[in-house]
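Each chain, written out:
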Number of protein chains: 2
Amino acid sequence: MQDKEITIYDLAERLNISATTVSRGLQDHPAINKKTKKRIFDLATELGYRSNKFASNLRKQKTNTIGVIVPRLNSLFMSSVLSGIEKIVNNAGYNLIISQSFEQEAKEKTNTTTMFNSRVDGLIVSLASDTQDFSHFDTFIKKNIPVIFFDRIAESIQSTKVLIDNFKAGYKATEHLIEQGCKEILHITGNTARNVYMDRFEGYKKALSDHNIPYDPTLFISNDLTEQAVQDSLLNDVLKRDKLPDGLFITNDSSAAFALTILKEAGLKVPEDIAIVGFNNDLISKVTEPAITTINYPGNEMGENIARILINHLDGEGDLSFTSTVILNTELIVRASSQRKK
Amino acid sequence: MQDKEITIYDLAERLNISATTVSRGLQDHPAINKKTKKRIFDLATELGYRSNKFASNLRKQKTNTIGVIVPRLNSLFMSSVLSGIEKIVNNAGYNLIISQSFEQEAKEKTNTTTMFNSRVDGLIVSLASDTQDFSHFDTFIKKNIPVIFFDRIAESIQSTKVLIDNFKAGYKATEHLIEQGCKEILHITGNTARNVYMDRFEGYKKALSDHNIPYDPTLFISNDLTEQAVQDSLLNDVLKRDKLPDGLFITNDSSAAFALTILKEAGLKVPEDIAIVGFNNDLISKVTEPAITTINYPGNEMGENIARILINHLDGEGDLSFTSTVILNTELIVRASSQRKK
DNA sequence: TTGTACGCGTTATCAA
DNA sequence: TTGATAACGCGTACAA
């Protein structure tokens, strides 16, 4: 420690005014003389004063910190969301604490507790894929600390939710495959306990029925979408069948890329033998051979929306409509992996 | 707010002891009777007591928070590093504040200031690619707040650094291409003001000279490694040359994947016409056609190392050796994009 | 082994 | 428009 930390008392002493006035001046309090304010600010910058957040937090009982818990950071979608959140939240003077659940309920619970103990003013969560029990959020709800869920939400929790229309996206993806002439569309997806996967699945089924294609349960596979799981499902099951599917709708781009690799190795031609649609518009979908048709997720926009809602709430506005649901639009991006017709 | 927040005074009152004893008991102070401790802990859990970090921080003049500034979150490497850091840091009772510079010096400066004002106990930084001036870290150094640089470091700053041996990695990658019969090896990389790119470049040159291949400056291209830049360099320059290179060492996997796509579209065969080696072992390198040979970066290990060093320092140990440099090993992962010989 | 008393830096309250 | 004072919850020197 070289220079001692400057406090409002130091400023007050030098300016021959009270610490109260300094505090008010620093906060641009309307009742303070403009000249006094200027003197305060000038000296503050001169001496390198910085407000002590802990004293302030202690006094105000507020932390100006927002917690974020996500399953994983390593997707373009997640980092776009975070980027959006961070932008808004920073401008509003809040800090961000980020942690990952690595798709595990246990880690999610621990993280939630940590956030609680850090007294975040608000929490933003995208659920781990295997979270079944939501009691770890009860402490927040009890204390009226706002929790916003996004993307992977819990239907049963009363709280604001921000997500895309997964049903519509699933519908669009499936309909696109049908329009490309696919009749036997395989759907590989995650745990349907999670809304995102369930809704996409429902969209898939609706598109089939709207086009008079009967739903075939053997064409539905639910696993954890890891490389291993996708490989298992394809090699040990699908590729051993007598009748192979001619379309694949798989609900994330990395998995789509794995699937593509495996199918090509098995000698299938994409899109001629099997057309593929992924989900997320991650970088990876652009560089495979062929590039993968996918659903574009508005990550940044979603992040900004989440942050705005939360901050409005924290700043005391918009309190009434707090248990709302915001649904964002998605867009189908057609690439070579599914184009069989011009 | 439903339940009022419990403080050590509440506990003290109920147990008919002083707040001091409660405070000590909670901290497992040796001088406190075991039975008293037990009574304190039991009541604390019963009432849902949680320590107020702000009061504690205020009192201790320590925040138990560590700041991390990285260029971007969206690579497997970065999320592995963060994951490693988070693990160690959490176990040691610290919190993590993460922010992204998006490769911009200005944003990096702002983030640094925010971290400073949040009074982080330590800072972990990987520099933005265009950062030239490091004065924003001076405030930390002046106040003796430890700053650890990793991966993208600043040679000129006196402080602990954790990184891989980029020189060796560059050497290995290049040598591998030479062994596969390449003679005209194109090297596309980032801003060589940054150590990671400069060192890989030096490794590249050394490998060439050790194998008696003269260094050809026209085979060296430095850009920002974005999709656009890679495309420009290849389409508007390299592919128009009379003599095409027969090897490409490009220092990140996304760029390698872009390059691969572009070269294939231009009618070149990989690895027959041109063999490719990337860098990072990101997911993307596994799913391209062909899969890309790359350098595996020990992200997790790096993260854990960084965190351990920092925490040891903060806890008062290892103070002497604080300006050390830790270098981790890398490994070449050979895939189809470079294999021309068996 | 336990308790008293004070201070960390800020802000809310009340008074001037 | 400004000031005096107390309080936020905790940790610690000193005392017992």
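Residues numbered from 1 in each chain as written. Chains lettered and ligands numbered in written order. Predicted model: local features only at pLDDT ≥ 70, side-chain atom pairs only at ≥ 80, totals over all residues. Heavy atoms only, no water.

Identification of chain A as LacI family DNA-binding transcriptional regulator from Pedobacter fastidiosus is taken from an unreviewed UniProt entry.

Trainee: Hey, could you go over the overall build of chain A for me, with residue numbers and the actual values?
Mentor: In terms of helices and strands, chain A carries 13 helices and 12 strands. Over its C-alpha trace chain A gives a radius of gyration of 26 Å, far above what one expects of a compact globule, namely 20 Å for 342 residues. Dimensions of chain A, computed from C-alpha atoms along their principal axes, come out at roughly 90 × 40 × 35 Å. A total of 342 residues make up chain A; the buried ones form 55% of that total. (Helix = DSSP H or I, 4+ residues; strand = E, 2+ residues; numbered from the N terminus. Rg over C-alpha atoms; globule rule 2.2 N^0.38 Å. Buried < 20%, exposed > 50% of the residue type's maximum accessible area, 1.4 Å probe, protein only.)

Trainee: Before we move on, can you summarise the side chain of Ser101(B) with the specific residues and values?
Mentor: For Ser101(B), the location among the structural elements is in the loop between strand S2 (95-100) and helix H6 (105-117). Those residues in contact with Ser101(B), other than ones at most four positions away along the chain, are Ile69(B), Val70(B), Pro71(B), Lys107(B), Glu108(B), Asn111(B) and Ala128(B). (Contact = heavy atoms within 4.5 Å.)

Trainee: Which residues make up H6(B), and what are the values?
Mentor: The end-to-end C-alpha distance of H6(B), which contains 13 residues, comes to 18 Å, matching closely the 18 Å that a straight helix rising 1.5 Å per residue would cover. Among the residues of H6(B), those classed as buried are Glu105(B), Glu108(B), Asn111(B), Thr112(B), Met115(B) and Phe116(B). Buried residues of H6(B) fall within an arc of 140 degrees about the axis and therefore sit on the same side. Summarising the contacts, the buried residues of H6(B) are in contact with helix H5 (76-91) of chain A together with strand S1 (65-70), S2, strand S3 (122-125) and helix H7 (138-142) of chain B. (Expected span 1.5 Å × (residues − 1). Arc of directions from axis to C-beta.)

Trainee: Which residues make up the protein's contact with DNA strand C, and what values do they have?
Mentor: What surrounds DNA strand C is a group of 26 residues, the closest being Tyr9(A), Thr20(B), Thr21(B), Arg24(B) and Arg59(B). Here the atoms of DNA strand C within 4 Å of the protein split so that 56% fall in sugar or phosphate, with bases taking the remainder. At 2.9 Å, a backbone N or O of Ser18(B) approaches a phosphate oxygen of DNA strand C. In the model, a base oxygen of DNA strand C is placed 3.0 Å from a nitrogen or oxygen of the Thr20(B) side chain. The set of elements that each furnish at least two residues to the surface near DNA strand C consists of helix H1 (8-15), helix H2 (19-26) and helix H4 (53-60) of chain A together with helix H2 (19-26) and helix H4 (53-60) of chain B. Top element by residues in the surface near DNA strand C is H4(A). It accounts for four residues. Residue composition of the surface near DNA strand C, grouped by class: eight nonpolar, 13 polar and five charged. (Near = heavy atom within 4 Å. Polar contact = N/O pair within 3.5 Å; in protein donor to acceptor, adjacent residues only side chain to side chain. Nonpolar A, V, L, I, M, F, W, Y, C, P; charged D, E, K, R; others polar.)

Trainee: Tell me what's going on with the sheet that holds strand S8 (residues 247-250) of chain A, and back it up with residues and numbers.
Mentor: Residue and element names in this part refer to chain A. As summarised here, the arrangement of the four strands in space is S7-S6-S8-S9, forming an open sheet in which the pairing is parallel. The sheet is open, and its two edges are formed by strand S7 (220-222) and strand S9 (275-277), each paired on a single side. Averaged over all adjacent pairs, the angle separating strand axes in this sheet is 15 degrees, with direction ignored. In the sheet, strand S6 (residues 185-189) pairs with S8 via four bridges, with the strands oriented parallel. (Pairing = 2+ DSSP bridges. Axes fitted to C-alpha atoms, helices over the stretch in contact; angles between N-to-C directions.)

Trainee: So what's going on with the UniProt feature "domain: HTH lacI-type" (unreviewed entry) in chain A? Residues and values would help.
Mentor: Here, the residues flagged by UniProt with the feature "domain: HTH lacI-type" (unreviewed entry) are residues 6-60 of chain A. Across residues 6-60 of chain A one finds 69% helix and 0% strand; the C-alpha atoms that close the span lie 20 Å apart. (UniProt positions renumbered as here; feature names shortened; annotations may be inferred.)

Trainee: A description of the packing of H4(A) against H4(B) should follow, citing residues and the corresponding values.
Mentor: In the contact formed by H4(A) and H4(B), the axes pass within 8 Å of each other and the chain directions differ by 145 degrees. Here H4(A) runs over H4(B); the crossing is left-handed. Residues Phe54(A), Ala55(A), Asn57(A) and Leu58(A) of H4(A) form the contact with H4(B), whose participating residues are Phe54(B), Ala55(B), Asn57(B) and Leu58(B). Here the contact of H4(A) with H4(B) is built from residues that sort into six nonpolar, two polar and no charged. (Left-handed = near helix turned anticlockwise from the far one by under 90°.)

Trainee: Residue-level account of the interface of chain B and chain A, with values.
Mentor: Interface size, as often reported, equals the accessible area lost upon joining of the parts. Facing 51 residues of chain B, the contacting portion of chain A comprises 51 residues. Summed over both partners, the interface of chain B with chain A buries about 4800 Å², with 53% contributed by carbon and sulfur atoms. It is Arg50(B), Phe54(B) and Arg119(B) in chain B that bury the most area against chain A; as a group they hold 17% of the surface buried on that side. Counting every contact that joins chain B to chain A gives six salt bridges. Between Lys107(B) and Glu86(A) there is a salt bridge, with its nearest N and O atoms 3.6 Å apart. Between chain B and chain A we count 10 residue pairs in polar contact (both at pLDDT 80 or more) in total. Listing elements by their share of the side of chain B that touches chain A, those giving two or more residues are H4, helix H5 (76-91), S2, H6, helix H11 (253-265) and helix H12 (284-287) of chain B. (Buried area = accessible area lost by both parts, 1.4 Å probe. Salt bridge = Lys/Arg side-chain N within 4 Å of Asp/Glu carboxyl O.)

Trainee: Break down the packing of aromatic side chains for me, citing the residues and quoting the values.
Mentor: Inspection of the entire model under this criterion finds 19 aromatic pairs over all chains. Consider the rings of Phe116(A) and Phe140(A), whose centres lie 5.4 Å apart with planes at 70 degrees: the pair is edge-to-face. Of this pair, Phe116(A) sits in helix H6 (residues 105-117) while Phe140(A) sits in helix H7 (residues 138-142); the two residues are 24 residues apart in sequence, bridging distant segments of the chain. Summarising the burial analysis for this pair, Phe116(A) and Phe140(A) share the class buried. Judged by centre distance (6.2 Å) and plane angle (25 degrees), the rings of Phe201(B) and Tyr204(B) are stacked. Of this pair, Phe201(B) and Tyr204(B) both sit in helix H9 (residues 195-210), three residues apart, which is roughly one turn of that helix. The class of Phe201(B) is buried, set by a relative accessible area of 7%. The class for Tyr204(B) is buried, based on a relative accessible area of 0%. Put simply, the rings of Phe77(A), Phe249(A), Phe279(A) and Tyr297(A) touch in pairs and so form one group of aromatic residues. Sitting over the face of the ring of Phe116(B), Arg50(A) holds its NZ or CZ atom 3.8 Å from the ring centroid. (Phe/Tyr/Trp six-rings, centres within 6.5 Å; stacked < 30°, edge-to-face > 60°. Lys NZ or Arg CZ within 6 Å of the ring centre and 35° of its normal.)

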